[in-house]
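Letter by letter, the chains look like this.
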Amino acid sequence: AYVILLSGTVPDGTSTELALDSFTSVLGGGVRYFLGAALFLFALASVAGWAYYGKESLRALGLGKLSGKVYGVLFAAAAFAGCLIPEGPIWELSDISISLMAIINVMALLMLSPVVTGLTKEFYSERKKRIRSKSGKIPPDTVKRSLFKS
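In this report, the structure presented in the accompanying data block is examined. Residue indices follow the written sequence of each chain, beginning from 1 at its first position. pLDDT decides what is reported in this predicted model: residues at 70 or higher carry local features, side-chain atom pairs at 80 or more are listed and counted, and totals for whole chains, interfaces and linings draw on all residues regardless. To obtain the side-chain values, all non-hydrogen atoms of the structure were used and water was disregarded.

## Focus: the overall build of the protein
Phase 1 of the analysis: Helix numbering and strand numbering both begin at the N terminus, where a helix is a DSSP run of H or I of at least 4 residues and a strand a DSSP run of E of at least 2. Across its full length, the protein carries 6 helices and 0 strands.
Phase 2 of the analysis: When the elements of the protein are put in sequence order from the N terminus, they spell out α-α-α-α-α-α.
Phase 3 of the analysis: Accessibility here uses a 1.4 Å probe with only protein chains present; expressed as a share of the type maximum, an area under 20% marks a residue as buried, one over 50% as exposed, and anything in between as partly exposed. When the 150 residues of the protein are sorted by exposure, 9% land in the buried category.
Phase 4 of the analysis: Contacts spanning at least 24 positions in sequence make up 12% of the contacts within the protein whose residues lie at least 6 apart.
Phase 5 of the analysis: Note on areas: these come from Shrake-Rupley sampling with a 1.4 Å probe, and a residue is covered only by the protein chains present in the view. A total of about 12,200 Å² of accessible surface is found on the protein, and carbon and sulfur atoms cover 72% of it. Note on contacts: a residue pair is in contact if any heavy atoms of the two residues lie within 4.5 Å.

Listed below in structure tokens is the structure:
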């Protein structure tokens, strides 16, 4: 964002074109090759990471090897389609998918918060009992220190 503001480049294309034009106007023409390679590697790493994450999630759910192969085929088809579809709908679909994942995660956090609270209380009560049994009394700042020690 800083380079875009300093360059004075007027946004008239996609965000990628704006970034490339801004860096080129500030750092020279050679930076296009570096940014192109960096963008390619970032995109490749993202696609590979999401493919692996999806396959491992299916494995963790116990859905078998066939589901991983089906997922791989569907993922490859979606990646190929993503190359052909304009970027606007792709970003919208991405935003919707991430929002749905966030909603599911927040619901899981809310449902698990009583369990976490109970386990935390149990942990600290057991820790206090262990400290009392060693020294006969609880040092004044034990709870604060125990947060940083295992």
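That covers the picture; the talk isn't over yet.
## So, the packing of helix H3 (residues 31-60) against helix H4 (residues 64-84)
Phase 1 of the analysis: In this description, a line fitted to the C-alpha atoms serves as the axis of each element, helices being fitted only across the stretch in contact, and the angle between N-to-C directions of two axes falls anywhere from 0 to 180 degrees. At their nearest, the axes of H3 and H4 sit 9 Å apart, and the two run at 155° to each other. Overall, the two elements H3 and H4 adopt an arrangement that is roughly antiparallel. Considering the relative orientation of H3 and H4, their crossing is right-handed. On the side of H3, the interface is formed by Val47, Trp50, Ala51, Gly54, Lys55 and Leu58, while H4 contributes Ser67, Gly68, Tyr71 and Phe75.
Phase 2 of the analysis: Of the residues that constitute the contact of H3 with H4, the class distribution is 6 nonpolar, 3 polar and 1 charged. Roughly parallel means an angle under 35 degrees; roughly antiparallel means over 145; roughly perpendicular covers 65 to 115; every other angle is labelled oblique. Left-handed describes a crossing in which the near helix is turned anticlockwise from the far one by less than a right angle; the clockwise case is right-handed. Polarity classes work like this: nonpolar for Ala, Val, Leu, Ile, Met, Phe, Trp, Tyr, Cys and Pro, charged for Asp, Glu, Lys and Arg, and polar for all others, with Gly in that last group.

## A short note on H3
Phase 1 of the analysis: One less than the number of residues in a helix, times 1.5 Å, gives the span that helix is expected to have. Taking 1.5 Å of rise per residue, 30 residues should cover 44 Å, and H3 covers 43 Å from first to last C-alpha, within 8% of that figure.
Phase 2 of the analysis: All of the buried residues in H3 are Val31, Leu35, Gly54 and Leu58.
Phase 3 of the analysis: The inward-facing, buried residues of H3 abut helix H2 (15-27) and H4.
Phase 4 of the analysis: Phi for Gly62, located one or two positions after H3, is positive at around 75°.

## Topic: a nonpolar patch on the surface
Phase 1 of the analysis: Patches here: salt-bridge-free residues with over 30% relative accessible area, like charges joined within 9 Å, nonpolar side chains (Val, Leu, Ile, Met, Phe, Trp, Tyr) joined within 5 Å. We count a salt bridge whenever a side-chain nitrogen from Lys or Arg sits within 4 Å of a carboxyl oxygen from Asp or Glu. On the surface, Trp50, Tyr53, Ile98 and Met101 cluster together into a nonpolar patch covering about 430 Å² of accessible area.
Phase 2 of the analysis: Of all the secondary structure elements, the ones that give two or more residues to the nonpolar patch are H3 and helix H5 (87-135).
Phase 3 of the analysis: By secondary structure assignment, the location of Met101 is in helix H5.
Phase 4 of the analysis: Residue classification places Met101 among the partly exposed positions, given a relative accessible area of 35%.

## Digging into the pattern of salt bridges
Phase 1 of the analysis: Tallying each qualifying case throughout the model produces 2 salt bridges.
Phase 2 of the analysis: Two residues, Asp21 and Arg32, come together in a salt bridge whose shortest N-O distance is 2.8 Å. Highlighted residues: Asp21 in helix H2 and Arg32 in helix H3, separated in sequence by 11 residues.

## Thoughts on the layout of surface pockets
Phase 1 of the analysis: A cavity, in this analysis, means grid points on a 1 Å lattice covering only the protein atoms where a 1.4 Å probe fits yet has no way out; a pocket is instead an open set bounded by protein on both sides within 12 Å along at least five of seven lines, and a residue lines either one if it has an atom within 4 Å of a point. Grid points are joined across faces, edges and corners, and a volume is the space filled by probe spheres set on the points. Reported here for the largest pocket is a volume of approximately 1,500 Å³.
Phase 2 of the analysis: If you trace the largest pocket, you find 29 residues lining it, with Val47, Trp50, Phe75, Ile90 and Ser94 closest to the centre.
Phase 3 of the analysis: Mapped onto the lining of the largest pocket, the elements with two or more residues apiece are H2, H3, H4 and H5.
Phase 4 of the analysis: Of the residues forming the lining of the largest pocket, the biggest block, 10 residues, is contributed by H3.
Phase 5 of the analysis: Here the lining of the largest pocket is composed, by residue class, of 20 nonpolar, 8 polar and 1 charged.

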